[in-house]
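Structural description and commentary
Residues per chain are reported as follows:
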Amino acid sequence: HPPFIVPREYLDRYPLDKMPMPKAYAKPGTPHHPWVKAQDDFIAQDGFFKDDEERRLAFASYLGLLSFIDAQIGFILDTLEETGLAAGTRVLYTSDHGDASGARGLWGKFNFYEESAKVPMILSGPDVPKGHVCETPVTLVDCHATILDGLGVARAADDPATESRSLFELATLPDDPEREAFGQYHAFASPTGGFMLRKGRYKYHYYVSYPPELFDLAEDPEELHDLAPDPAHRETLDKMEVLLRARIDPEDVDKQAKEAQTALIERHGGREKARNAGAPGTTPVPGYAQE
């Protein structure tokens, strides 16, 4: 994510004259869900670019950064081979988030759309079936059980991460496409608490005090058609809300998050003092003064 600083050799792999505009980019005029619009109005990252050439450069830089990271992973895997450790080492390659990279006129990682919420989850090593694609939905919560499994550590009887399953185990079991995947967001620029629930082909976004969104990932993997307003999908929408509320009370969780955030600000001396405390959000680009 920004700042998009990438070594030239990786940037050159993505010539700007061949770079398309990001997916569903149509600003000004990109229609946004009200929760997403409120967030985007606050962040306003797309407004940092003076024209589409800069947007293509940012998109190319992001792709170059992906290639750069892949190369660093390659160095690690090569070192395992060179030291004779590869045959006895399990590797899990994942990430904490994706990036919108201009899709829908959005930048960053602050929403539940696939380009932001979906992350790589790649396993290799002893007892991992080679070339197998597991269709069971998994989340980063599963890293908990996976790490314990990889270290040979037994789960404690009172382990609170009850939904966590070892990816090494799931990779060898029959696919379970109906397994639920859950996420929530209360941080930077969110007007209210946001919640995501994936079950089967459907992905449901619940926003406190805002309308929900519903996508059919089988028919619409790019999430370009919100089914929530369609009466034909009312039953699916209601079922997804019931599943969400079986897990949490979104309004209560939103209230808890806001109370915790308010208390944190007060501990730092109030709003104005907190706004001017600590480091900036990102490291300044080399050669540029911090603003």
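Scroll up to find the structure.
Fair warning: this is a prediction, and the values are worked out from it, not measured in the lab. Counting of residues starts from 1 at the beginning of each chain's written sequence and follows it residue by residue. Restriction of local features to residues with pLDDT of at least 70 applies here, the model being predicted, together with a cutoff of 80 or more for giving and counting side-chain atom pairs; totals for whole chains, interfaces and linings are based on all residues. Neither water nor hydrogens contribute to the side-chain values; these are computed over all heavy atoms in the structure.

1. Points about the overall build of the chain
How we decide: To qualify as a helix, a DSSP run of H or I must reach at least 4 residues; to qualify as a strand, a run of E must reach at least 2; elements of each kind are numbered from the N terminus. This radius of gyration counts C-alpha atoms alone. The globule rule is 2.2 Å times how many residues there are, raised to the power 0.38. Accessibility here uses a 1.4 Å probe with only protein chains present; expressed as a share of the type maximum, an area under 20% marks a residue as buried, one over 50% as exposed, and anything in between as partly exposed. Residue contacts are counted whenever heavy atoms from the two residues lie within 4.5 Å of one another. Where accessible areas are quoted, they stem from the Shrake-Rupley method and a 1.4 Å probe; at the residue level, only the protein chains shown are allowed to cover. Charged residues are defined narrowly, with Lys and Arg counted positive, Asp and Glu counted negative, and His plus the chain ends left uncounted. Each charge is placed at NZ for Lys, CZ for Arg, CG for Asp and CD for Glu.
Along its length, the chain carries nine helices and six strands. Its C-alpha radius of gyration of 21 Å places the chain within 12% of the 19 Å reference for a compact globule of 291 residues. Each principal axis of the C-alpha distribution contributes one length, and for the chain these read about 50 × 50 × 45 Å. Counting only residues that meet the buried cut, the chain has 36% of its 291 residues in that class. Nonlocal contacts in the chain, meaning residues at least 24 apart in sequence, comprise 60% of its contacts between residues at least 6 apart. Surface summary for the chain: the accessible area is close to 17300 Å², and the carbon and sulfur share equals 57%. Placing the 31 positive and 49 negative side-chain charges of the chain at their respective mean positions leaves the two points 3 Å apart.

2. Describing the sheet that holds strand S6 (residues 213-216)
Within a beta sheet, neighbouring strands are joined by backbone hydrogen bonds and run either parallel or antiparallel to one another. Where we set the bar: Strands were regarded as paired on the criterion that DSSP finds at least two bridges between them. Throughout, an axis means a line fitted to C-alpha atoms (over the contacting stretch in the case of helices), and angles, computed between N-to-C directions, take values from 0 to 180 degrees.
Across the sheet, which stays open at both edges, the four strands sit in the order S3-S4-S5-S6 with antiparallel pairing between neighbours. Because the sheet does not close on itself, it has two edges, and the strands there are strand S3 (181-185) and S6. Averaged over all adjacent pairs, the angle separating strand axes in this sheet is 10 degrees, with direction ignored. In this structure, strand S5 (residues 202-207) lies alongside S6, joined through four bridges in antiparallel fashion. Opposite Tyr-202, over in S6, you have Asp-216 as the bridge partner.

3. Side note on the packing of aromatic side chains
Stated formally: Put simply, two rings from Phe, Tyr or Trp (the six-membered ring, in Trp's case) pair if the centres are within 6.5 Å, and we call them stacked under 30 degrees between planes, edge-to-face over 60, tilted for the rest. Only Lys NZ and Arg CZ are tested; either one counts as a charge over a ring when it is within 6 Å of the ring centre and within 35 degrees of the ring normal.
Counted according to the given criterion, the structure contains eleven aromatic pairs. Seen from their ring centres, Tyr-204 and Tyr-206 are 6.3 Å apart, and the 50 degrees between their planes marks the pair as tilted. Here Tyr-204 matches Tyr-206 in class, with each residue buried. Within the aromatic cluster, the residues linked to one another by ring pairs are Phe-4, Phe-49, Tyr-62 and Trp-107. Directly above the ring of Phe-168 sits Arg-90, whose terminal nitrogen or CZ lies 4.1 Å from the centroid.

4. Overview of the pattern of salt bridges
Operational definition: Each reported salt bridge corresponds to a side-chain nitrogen of Lys or Arg within 4 Å of a carboxyl oxygen of Asp or Glu.
The final tally for this structure, using the stated rule, is 25 salt bridges. With a shortest N-O distance of 3.3 Å, Lys-203 and Glu-114 are connected by a salt bridge. On the criterion of sequence distance, the pair formed by Lys-203 in strand S5 and Glu-114 in helix H4 (residues 114-117) is long-range, its members being 89 residues apart. The exposure classification of Lys-203 matches that of Glu-114, with both residues buried. In this structure, Glu-235 engages Lys-239 in a salt bridge whose closest nitrogen and oxygen atoms are separated by 3.4 Å. One end of the pair, Glu-235, and the other, Lys-239, are both in helix H7 (residues 234-247), four residues apart, so they sit about a helical turn from each other. Looking at Lys-239, the relative accessible area reads 49%, which means it is partly exposed.

5. With respect to helix H3 (residues 52-82)
We count it as follows: For a helix, the expected span equals 1.5 Å multiplied by the residue count minus one. Here a polar contact is recorded for every N or O atom pair within 3.5 Å, except that within protein the pair must consist of a potential hydrogen donor and a potential acceptor, and residues adjacent in sequence are included only if both atoms are side-chain atoms.
Over its 31 residues, H3 extends 45 Å from the first C-alpha to the last, a length consistent with the 45 Å expected when each residue adds 1.5 Å. Within H3, the full set of buried residues consists of Arg-55, Ala-58, Phe-59, Ala-60, Ser-61, Tyr-62, Gly-64, Leu-65, Ser-67, Ala-71 and Leu-80. Measuring from the side-chain oxygen of the N-cap residue of H3 to the backbone nitrogen of Glu-53 gives 3.2 Å; that N-cap residue is Asp-51. Among the residues trailing H3, Gly-84 stands out with phi positive, at a value near 75 degrees.

6. Considerations on helix H2 (residues 34-43)
The test is simple: This arc is taken over the directions from the axis of the helix to the C-beta atoms.
Buried within H2 are the following residues: Trp-35, Val-36, Gln-39, Asp-40 and Ile-43. In an axial view of H2, the angular spread of the buried residues amounts to 130 degrees, which keeps them on one side of the axis. Check the buried side of H2 and you find it contacts S3, strand S4 (194-199) and S5.

7. Here we look at a nonpolar patch on the surface
Selection rule: Exposure above 30% relative accessible area and the absence of a salt bridge qualify a residue for a patch, where like charges join within 9 Å and nonpolar side chains (Val, Leu, Ile, Met, Phe, Trp, Tyr) within 5 Å.
Side chains of Ile-147, Leu-151 and Val-153 sit close together on the surface and give an oily, nonpolar patch of about 300 Å² of accessible area. Along the chain, the position of Val-153 falls in the loop between helix H5 (142-151) and helix H6 (167-170).

8. Some words on the environment of Tyr-113
By the secondary structure assignment, Tyr-113 is in the loop between strand S1 (91-94) and H4. Spatially, the C-alpha atoms of Tyr-113 and Ser-164 are 23 Å apart, while their sequence positions differ by 51 residues.

9. As for unusual backbone geometry
Most peptide bonds adopt trans geometry, and most residues besides glycine take a negative phi value. Phi is positive for Ala-189, close to 75 degrees, though the residue is something other than glycine. What makes Ala-189 buried here is its relative accessible area of 17%. Phi at Glu-223 is positive, roughly 55 degrees, even though this residue is not glycine. By the element assignment, Glu-223 lies in the loop between S6 and H7. A relative accessible area of 1% places Glu-223 in the buried class.

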